[in-house]
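For reference, the chains in residue letters:
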Amino acid sequence: MGSECSALIVFGVTGDLVRNEVFASLYELARVDRLDIAVIGVGRSDWTSETLRRTAETAIRAHAADDLVDAALRTVIERLSYVRGDYTSPDLYETLAKVVVDHELVLCYLAVPPTVFPAVVRGLADTEIRLRARLLIEKPFGSDLESARQLSALIDETFDEHQLFAVDHYLQKESLQNLLVLRFANRVLEPVWNNEHIDSVSIVMAEQFGIEGRAGFFDSNGNLRDVVQNHVLQVVAALAMEPPASALPEEVSGRRAMVLGDVQSLAFGDVVFGQYDGYLDVDGVQPGSTTDTFVRAELRINNDRWAGVAWHVAAGKGLAATKSEIVITFKVASAPMFNAQDCVPEPNRLCISMAPTELATLTLQARSSTAPLGTAKTALESADSYRPDERVDAYTRIFDDARRGDHTQFASRAEVEACWRVVNDVVHRAAPPVVYARGTWGPELSDKRDW
């Protein structure tokens, strides 16, 4: 924790991410009277401050709909200004230094493609802003393991570790934080959370929509970089990590990094890549692009707790439904009393839905009438205990935590590099992906049984 930033510089303010997420988050902070901060948008587009304000107002009105708080909207609009410039030009950063000269701490949010990160970091480093900056860097942090390490080395030349905040908005989601509480606060689960009792784990992040509106970013990254390397592996870490000794940021992050270091690097035989039919027709997609919109992989974790357990992960766009779901399948009960019965019990399953609704369902076995000791499934459900008006959007928490200097729900560089190591051998792929029809569950080569 530390002092609060009084200025926010948003690099890439004209992009879709800012329009779709950031303006709404600034509004939510204003709505609870926590936006006492100047917001300077930076971009290459021929905008003015008035253009930025109109764009922000349109985005906020769409976000708030009929519940718009006019005073909160005015607060955001009044704090916005725009600086146009070339990210590689020293003139841009000299201008920004003058704009924020009266601010003791400045939060610099890099909502730009990974290829632009180095230019912005160098530009900031060459001004006195570096002495009072916090770097909030949007995912993906680099494009592979080598570029992530190069970016870390570049940041190390001028900035300290405590100045870096690497974004993975999944870490800020209520559902992921609830997952940690579900696992570690319930004594009934932790003793069986290992390879002696668990047969397999399935993680699915499916999206029904495609990449329309963000093709420029997505086509140069793909689903492996955009979802699997960060979101999926952070869920794996939350499920597989050893219990932290405390809730201190370095302790929690250290446990996540430790188990990610135990995940076996993926080989091409472990992965199915897919691309939905029609992807090549989307505006902004390069002709003949082989970018993946679907990834399915089998992970192995090489440590005492998880040796032998299969981790099935899948993430894709243009699929049959939008859902994020975890299924933990336990080993089948082996009590001798069932040996003579023509009814082998089914395995218990803990199903954790993270989106669109949050629900934990534990499937147990109960007696059925088919045999003296026949079994049938029954379920115990636990719905999310948060009321809708208590919930905090992930990006709202990102900005609030970063400006306060709270690293708890940000990925450390050790975690980032550990995630890249897992996918690095398959991230540069020459073979074309398997084409699948939109509205299905992906390529026929992917196993649907775990979905």
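As the structure is a computational prediction, the values presented were derived from the model and not from experiment.

**Student:** Quick question: what am I supposed to make of the state of the cysteines here?
**Tutor:** In protein chemistry, a disulfide is the covalent bond that joins the sulfur atoms of two cysteines. The full count for this structure, using the stated rule, is zero disulfides. Unpaired in this structure, Cys 108 has its nearest cysteine sulfur neighbour in Cys 5, at a distance of 8.2 Å. Cys 108 sits in the buried class, given a relative accessible area of 0%.

**Student:** Explain the pairing of strand β2 (residues 38-43) here, please?
**Tutor:** The side chains of a regular strand alternate, residue by residue, between the two faces of the sheet. Among the six residues that make up β2, five are buried, leaving the element largely enclosed by the rest of the structure. For strand β1 (residues 7-11) and β2, the ladder comprises five bridges, and the chain directions are parallel. Paired with Val 10 across the strands is Gly 41, a residue of β2. Between the parallel pair β1 and β2, the chain is carried across by helix α1 (residues 16-31), and the sense of this crossover is right-handed. In terms of strand pairing, β2 meets strand β3 (residues 80-84) through five bridges, oriented parallel. Within β3, the position partnered with Ile 40 by the bridge is Ser 81.

**Student:** Hey, could you run me through the packing of helix α5 (residues 117-125) against helix α6 (residues 145-158) in this one?
**Tutor:** Each pair of packed helices can be summarised by the angle the axes make with each other and by the distance between the axes. Two numbers describe how α5 lies on α6: the axes approach to 10 Å, and their chain directions differ by 5°. Between α5 and α6, the angle is such that the two are roughly parallel. Contact residues: Phe 117, Pro 118, Val 121, Arg 122 and Ala 125 in α5; Leu 151, Leu 154, Ile 155 and Thr 158 in α6. Of the residues that constitute the contact of α5 with α6, the class distribution is seven nonpolar, one polar and one charged.

**Student:** Sorry if this is basic, but what is going on with the side chain of Asn 223 here?
**Tutor:** Counting through the fold element by element, Asn 223 comes out in helix α9 (residues 222-240). Taking the relative accessible area as the measure of exposure, Asn 223 reaches 1% and is therefore buried. When residues no more than four places from it in sequence are discounted, the contact partners of Asn 223 are Phe 218, Val 228, Asp 292, Thr 293, Phe 294, Val 295, Ala 315, Gly 316 and Lys 317.

**Student:** How do you make sense of the packing of aromatic side chains when you look at a structure like this?
**Tutor:** Counted under the stated rule, the structure contains 10 aromatic pairs. The side chain of Arg 429 reaches across the aromatic face of Phe 273, ending 4.4 Å from its centre. The ring of Tyr 276 has Arg 438 lying over it, and the distance from NZ or CZ to the ring centre is 4.6 Å.

**Student:** Can you help me understand the sheet that holds strand β6 (residues 164-166) in this one?
**Tutor:** The pairing of strands in a sheet comes from backbone hydrogen bonds and takes either a parallel or an antiparallel form. Strand order in the open sheet made by the six strands is β3-β2-β1-β4-β5-β6, with parallel pairing throughout. In this open sheet, the two edge strands, each paired with only one partner strand, are β3 and β6. Sheet twist, expressed as the mean angle between neighbouring strand axes with direction ignored, is 20°. The pairing of strand β5 (residues 133-137) with β6 spans three bridges and is classified as parallel. Each residue of the ladder has a partner; that of Leu 136, found in β6, is Phe 165. Where helix α11 (residues 394-404) meets the sheet, its contacts fall on β1, β4 (106-110), β5 and β6, and the angle it forms with β5 comes to roughly 155°.

Cut-offs used in this document
- Residues numbered from 1 in each chain as written.
- Predicted model: local features only at pLDDT ≥ 70, side-chain atom pairs only at ≥ 80, totals over all residues.
- Heavy atoms only, no water.
- Disulfide = S-S within 2.5 Å.
- Buried < 20%, exposed > 50% of the residue type's maximum accessible area, 1.4 Å probe, protein only.
- Helix = DSSP H or I, 4+ residues; strand = E, 2+ residues; numbered from the N terminus.
- Pairing = 2+ DSSP bridges.
- Right-handed = clockwise from strand over helix to strand, strands pointing away.
- Axes fitted to C-alpha atoms, helices over the stretch in contact; angles between N-to-C directions.
- Parallel < 35°, antiparallel > 145°, perpendicular 65-115°, else oblique.
- Contact = heavy atoms within 4.5 Å.
- Nonpolar A, V, L, I, M, F, W, Y, C, P; charged D, E, K, R; others polar.
- Phe/Tyr/Trp six-rings, centres within 6.5 Å; stacked < 30°, edge-to-face > 60°.
- Lys NZ or Arg CZ within 6 Å of the ring centre and 35° of its normal.

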